[in-house]
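What follows is each chain in one-letter form.
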Amino acid sequence: MNAVPLVTNETETLFDSDEMVLSMGPQHPSTHGVLRVVLKLDGERVIDLDCDIGYLHRGAEKIFENRLYPMIAPYFDRLDYIAAVSNGLLYVGTIERAMKIEIPPRAQYLRVILTELNRLASHLLWLATHALDIGGFTVFLWAFREREEILKIFECFFGARLTCHAFRIGGMSYDAYDGFEAQVRAFCDTFPARLEEYETMLNENRIWLGRTVGVGVITAADAISLGLSGAPLRGSGVDYDVRKTDPYECYADLDFDIPLGENGDTFDRYLIRMEEMRQSRRLVMQALDKLPGGPIMAKVPKVIKVPPGELYHSIEAPKGELGLYLVSDGGTKPYRLRVRPPSFINLGALRKMAVGSLVSDVVAVIGSLDIVLGEIDR
Amino acid sequence: MLAEYLPTLLFLIVATGIGIALILIGNFLGPKRPSPEKLSPYECGFNAFEDARMQFDVRYYLIAILFIVFDLEIAFVYPWALVFRELGVFGLIEMGVFLALLFIGFIYVWKKGALEWE
Amino acid sequence: MPLELLVEWTIKLLIGFVILMTTVAYLSLFERRMLGFMQMRQGPNRVGPFGLLQPVADGLKFIFKEDITPLAADKFLYVMAPALSLVPALMTFVLIPIGGEMKIPFIDRPIALHVTSVNVGVLAILAMTGMGVYGIVMAGYASNNKYSLMGGLRSSAQLVSYELAMSMSIVGVLLQAGSLDLVKIVANQGGWGGMQWHVFWFQPLGFIIFLISMVAETNRAPFDLPEAESELVAGFHTEYSSMKFAMFFIAEYANMVTASAMATVLFLGGWQGPGVAQLPLLGPFYFVAKMLFFLFLYIWLRASLPRLRYDQLMDFGWKFLLPLALINIVISATVAVVLL
């Protein structure tokens, strides 16, 4: 063909069109809070993008430096407010490691049950909002139905639905309420059928596949070099889960699988989180079966002082590897607490994933990264 | 004959009246508390980077051009469909040739990539 | 011009208008209740029994909201746009026949249950629904907002693309009916005891194409890209508030009603059905039932399907529906010739 092509696939087009700079967020329905993404668009195509964060910055890490160790714990839950239990687990776990406190098994199992339930709640919220971003209005409300069941359990256990807090340095501040086990089991019995309902709505839906397969692809090498963790990392096929590589609490005694993706696209990340929900349910059931009796609190000094030194401890939070770097000078307050927020680091991959795709894909990719701004901005 | 269109005209007047009335009602009965922020264009809480009226992607324009071509073709097919029974096999072949030409053009446009958004 | 006829038209106009506005108002309630039902929640049920007064409350609320015109907007176009999108949406209803001719008490001649019937009915309706896109593009442009602009552009390209497939899918019906007059098209489907509908009589493919494009033409899920709230916030009506927003809303729902009515007339035999020949009064009930089926379908789709991406939408329209519609014309014509 010798004729001059009307439109070529290169960036050179016969007609020139202006680039449009569009500010998406912080007041936008699908940036999951107060994320601001500045998009440079050519028509519908994203040429470049930049994330602007910090709208929810509270100076949490600085505040930690001026609080006694026990006082930090409830504040820590406010980082990733969707998964407050995981945050609490990380904080108390770090201090316990630093102080070399052995926690009674009952407390460990209770912690695992609650953390995994929290992972379910977090993943359900992710599924709901991710589906809503792509236009699946019904899945949004269905997922909230299940999340409500979990929040009811939390309400009974913690007295709070969102900022759950019962973990103390050295164990639990109180034991499970009467009927806790029955309530959790009832939830676990109904949950797989509900999960299948979502999958019927989405897994073979051609529109859903069209919107997610091949969208926001990231290779395993890129995922590692960007420091991703959680589903965005495992979606690319990298087998890394802190619960397996560096087991904390009683995860080593429990049997569960780590789902892995192949293509590293939005659809793989979706499948992984769906499978993770099944695995979480499995973990909850196992932990309930094995739940030992006994005390829930180890012997802890009255005044908590962490021996001088540095320590990094991380757990597998619903969003990825949530880490805490503790520097102690031996006093009653930490010298420095530095959080490794998985959402923040995963968000760094947005540019790599979304540049070159369409505006609608940016929304899908943000959804599949599963970020929470409370954790990013701290 | 033309009288049948009169109700359409009547309804046009009525509908336009309703349209104007609704705009006026909203304008008169609603409160009026303007502020610079409220009157600025919405861009997620930020001042717009630049004016929204700019040159935009040429592909929208291409679609419009293609639409005109195909819409004109439909304008030919409609009358043919109405008198199809009188024309019979001859009309079918004639229209077959016409549609075939159009289809070739359509494939050409497709192969040229005018329908691609990539 | 006989005065009698003028009075008849005026009465029909008023009745038609009231019916349309009521349908639109209650369609919004119907949609919210049905969605609620499908999504395991209640939907609005507080205003009046079963929430039946909700549309009234909504209307009042719209009226007493502040009407904002952004400073950067093109004032004239900004104000015109909602009217331009509402007026054609309301007008199309004039041409919809909801029933055949029937005797009505106290009137000595049979009355046809349509406001008027013109010999180019299908074209007139296509022309009027095609007008709607101007309102949307104007709104997008006049708002001087990038989300609105993108919504407007998306909408224009989408409506234009799917209008082609829709117009072509109708050709098959025209081949059968041999007329653009909606009344004659319905009359043509009266065979088989009122069941010889075009959807059964050689046009199932045309029906499916029409159904898909009609959803796209009315900007409804899964083709609701012009107002995709998770991407474009609210698309072309982002800047609109108060009654002006309500007008876009009414226009969208009126378009849904019209599209459902068109689908009924063209493919599902309009008011035809078993027993209509003996009892013409059944006609309007059949018509409404069929229309409700399509309206329910709209809601059902919205509850079940995610949203397409823009390139997928255009690909689907141009590379799938359009060739399919062309093929449908060829098949229909060949079949018609063979049967002649």
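Reading the values: the criteria
- Each chain carries its own residue numbering, running from 1 in the direction its sequence is written.
- Chain letters start at A and ligand numbers start at 1, both assigned in the order the entries are written.
- Local features in a predicted model are, by the rule used here, given only for residues with pLDDT of at least 70; side-chain atom pairs are given and counted only at 80 or more, and totals for whole chains, interfaces and linings are based on all residues.
- Think of it this way: any DSSP run of H or I at least four residues long counts as a helix, any run of E at least two long counts as a strand, and we number them from the N terminus.
- Buried means a residue has 20 or more other C-beta atoms within 10 Å of its own C-beta, exposed means 12 or fewer, and partly exposed covers the counts in between; C-beta atoms are placed from the backbone.
- In this treatment the radius of gyration is a C-alpha quantity, and the globule benchmark scales as 2.2 Å times the residue count to the 0.38 power.
- Whether two residues are in contact depends on their C-beta atoms, placed from the backbone: they are in contact if these lie within 7 Å.
- Think of it as three bins: nonpolar holds Ala, Val, Leu, Ile, Met, Phe, Trp, Tyr, Cys and Pro, charged holds Asp, Glu, Lys and Arg, and polar takes everything else, Gly as well.
- Note on pairing: two strands pair once DSSP finds at least 2 bridges between them.
- Lines fitted to C-alpha atoms define the axes here, with helix axes fitted over just the stretch in contact, and angles between the N-to-C directions of these axes take values from 0 to 180 degrees.
- By this rule the span expected of a helix is its residue count minus one, scaled by 1.5 Å.
- pLDDT runs from 0 to 100 and stands for how confident the predictor is about each residue.
- Roughly parallel refers to an angle under 35 degrees, roughly antiparallel to one over 145, roughly perpendicular to one between 65 and 115, and oblique to any angle outside these ranges.
- In this scheme the crossing of two helices becomes right-handed for a clockwise turn of the near helix relative to the far one and left-handed for an anticlockwise turn of less than a right angle.

Enquirer: Run through the overall build of chain B, naming residues and quoting values.
Expert: A tally of regular secondary structure across chain B gives 4 helices and 0 strands. Walking chain B from its N terminus toward its C terminus, one meets helices and strands in the order α-α-α-α. Counting every position in chain B, which comprises 118 residues, the buried fraction comes to 22%.

Enquirer: Break down the overall build of chain A for me, citing the residues and quoting the values.
Expert: When its secondary structure is counted, chain A shows 15 helices and 8 strands. Against the 2.2 N^0.38 benchmark of 21 Å for 378 residues, chain A shows a C-alpha radius of gyration of 22 Å, consistent with a compact globule. Over its C-alpha atoms, taken along the principal directions, chain A stretches across nearly 85 × 45 × 35 Å. The proportion of buried residues among the 378 residues of chain A is 52%. Here the analysis covers contacts within chain A between residues at least 6 apart in sequence; of these, 70% occur between residues at least 24 apart.

Enquirer: Before we move on, can you summarise unusual backbone geometry with the specific residues and values?
Expert: Notably, A:K100 is not glycine yet its phi reads approximately 55°, a positive angle. Relative to the assigned elements, A:K100 resides in the loop between α3 (84–99) and α4 (105–134). When the 7 C-beta atoms within 10 Å are taken as the criterion, A:K100 is described as exposed. Even without glycine at this site, C:S242 takes up a positive phi of about 55°. Secondary-structure assignment places C:S242 in helix α10 (residues 242–267).

Enquirer: Tell me what's going on with the interface of chain B and chain C, and back it up with residues and numbers.
Expert: Facing 58 residues of chain B, the contacting portion of chain C comprises 62 residues. Among the secondary structure elements, those contributing two or more residues to the side of chain B that touches chain C are α1 (6–29), α2 (36–39), α3 (58–82) and α4 (84–112) of chain B. Of the residues belonging to the side of chain B that touches chain C, the class tally is 39 nonpolar, 9 polar and 10 charged.

Enquirer: Tell me about the pairing of strand β6 (residues 309–317) of chain A, and name the residues and values.
Expert: All names here are of chain A. With 9 bridges connecting them, β6 and strand β7 (residues 320–328) associate as antiparallel partners. The residue of β7 that forms the bridge with Y312 is Y325. Taken together, β6 and the strand that follows it, β7, pair antiparallel across an intervening segment of 2 residues.

Enquirer: Requested: an account of the environment of B:L39, with residues and values cited.
Expert: Locating B:L39 in the fold gives a position in helix α2. The class for B:L39 is partly exposed, based on 14 C-beta atoms found within 10 Å. The residues contacting B:L39, other than those within four sequence positions of it, are B:P34, C:I68, C:P70 and C:L71.

Enquirer: Tell me about the sheet that holds β7(A), residues and numbers included.
Expert: All names here are of chain A. The antiparallel open sheet is built from 3 strands, whose spatial order is β6-β7-β8. Edge positions in the open sheet fall to β6 and β8 (336–340), since each of these has one partner strand only. Recorded for the sheet is a direction-independent mean angle of 15° between the axes of neighbouring strands.

Enquirer: Let's hear about the sheet that holds strand β2 (residues 36–42) of chain A: which residues, and what values?
Expert: Residues and elements named next belong to chain A. Pairing in this open sheet of 3 strands is antiparallel, and the strands run β1-β2-β3 from one edge to the other. The open sheet has two free edges, formed respectively by β1 (20–24) and β3 (45–52), since each of these has just one partner strand. Across this sheet, the average inter-strand angle for adjacent strands is 20°, counted without regard to direction. In the sheet, β2 pairs with β3 via 7 bridges, with the strands oriented antiparallel. From the neighbouring strand, L39 faces β3, where its bridge partner is L49. Lying on the sheet, helix α14 (residues 359–369) is in contact with β2 and β3; it crosses β2 at an angle near 150°.

Enquirer: For the pairing of β1(A), give the residues involved together with the corresponding values.
Expert: Side-chain positions along a regular strand alternate between the two faces of the sheet. Residue and element names in this part refer to chain A. Within β1, 4 of the 5 residues are buried, leaving the element largely enclosed by the surrounding structure. As paired elements, β1 and β2 share 5 bridges and run antiparallel to each other. By the bridge assignment, M20 is partnered in β2 with L41.

Enquirer: Tell me about α1(B), and please be specific about residues and values.
Expert: Compared with an ideal rise of 1.5 Å per residue, which puts 24 residues at 34 Å, α1(B) spans 34 Å between its outermost C-alpha atoms and is within 8% of the ideal. What α1(B) keeps buried is the set B:P7, B:F11, B:V14, B:A15, B:G19, B:L22, B:I23 and B:G26. Buried residues belonging to α1(B) abut α1 (3–38), α2 (54–63), α3 (75–91) and α10 of chain C.

Enquirer: Give me the confidence of the model for chain B: which residues, what numbers.
Expert: Within chain B, residue pLDDT values average 78, and 83% of them lie at 70 or more. Interface confidence in the predicted complex, given as ipTM, is 0.81; pTM for the same model is 0.85.

Enquirer: Any chance you could break down the packing of α3(C) against α10(C) for me, citing the residues and the numbers?
Expert: Residues and elements named next belong to chain C. It is the contact of α3 with α10, at a shortest axis distance of 8 Å, that shows an interaxial angle of 25°. One element, α3, and the other, α10, form an angle in the roughly parallel class. In this structure, the crossing between α3 and α10 has a hand that is left-handed. In this structure, α3 uses P82, A83, S85, L86, A89 and L90 to contact α10, whose residues at the interface are K244, M247, F248, I250, A251, A254, N255 and T258. Of the residues belonging to the contact of α3 with α10, the class tally is 10 nonpolar, 3 polar and 1 charged.

Enquirer: Tell me about helix α4 (residues 121–142) of chain C, residues and numbers included.
Expert: An ideal rise of 1.5 Å per residue puts 32 Å on 22 residues; α4(C) measures up with 32 Å between its terminal C-alpha atoms. Counted residue by residue, α4(C) has 17 buried out of 22 residues, so it is predominantly covered.

Enquirer: If you had to explain the packing of α1(B) against α10(C) to someone new, which residues and values would you point to?
Expert: Helix-helix packing: each pair is described by the crossing angle between the helix axes and the interaxial distance. Two numbers describe how α1(B) lies on α10(C): the axes approach to 7 Å, and their chain directions differ by 145°. Counted together, B:G19, B:L22, B:I23, B:I25 and B:G26 of α1(B) and C:S242, C:M243, C:K244 and C:M247 of α10(C) form the full contact between these two elements. Of the residues that constitute the contact of α1(B) with α10(C), the class distribution is 5 nonpolar, 3 polar and 1 charged.

Enquirer: Which residues make up the confidence of the model for chain A, and what are the values?
Expert: Of all residues in chain A, 95% have pLDDT values of 70 or greater, and the mean over the chain is 84. Low pLDDT, under 50, characterises residues 1–16 of chain A; the predicted model gives this stretch 13 contacts beyond four residues in sequence or across chains.

Enquirer: A description of the environment of B:F76 should follow, citing residues and the corresponding values.
Expert: Residue and element names in this part refer to chain B. Mapping F76 onto the fold places it in helix α3. C-beta crowding within 10 Å serves as the criterion here: with 13 such atoms nearby, F76 is assigned to the partly exposed category. Counting along the chain gives 22 residues from F76 to F98, while the straight-line C-alpha distance between them is 9.5 Å.

Enquirer: Outline the environment of A:P232, listing residues and values.
Expert: Residue and element names in this part refer to chain A. By the secondary structure assignment, P232 is in helix α9 (residues 231–234). With 31 C-beta atoms packed within 10 Å, P232 lands in the buried category. Along the primary structure P232 and V217 are separated by 15 residues, whereas in three dimensions their C-alpha atoms are 9.7 Å apart. Non-local contacts of P232, meaning those with residues more than four positions away in its chain, are made with I218, A223, R269, N346, A349 and L369.

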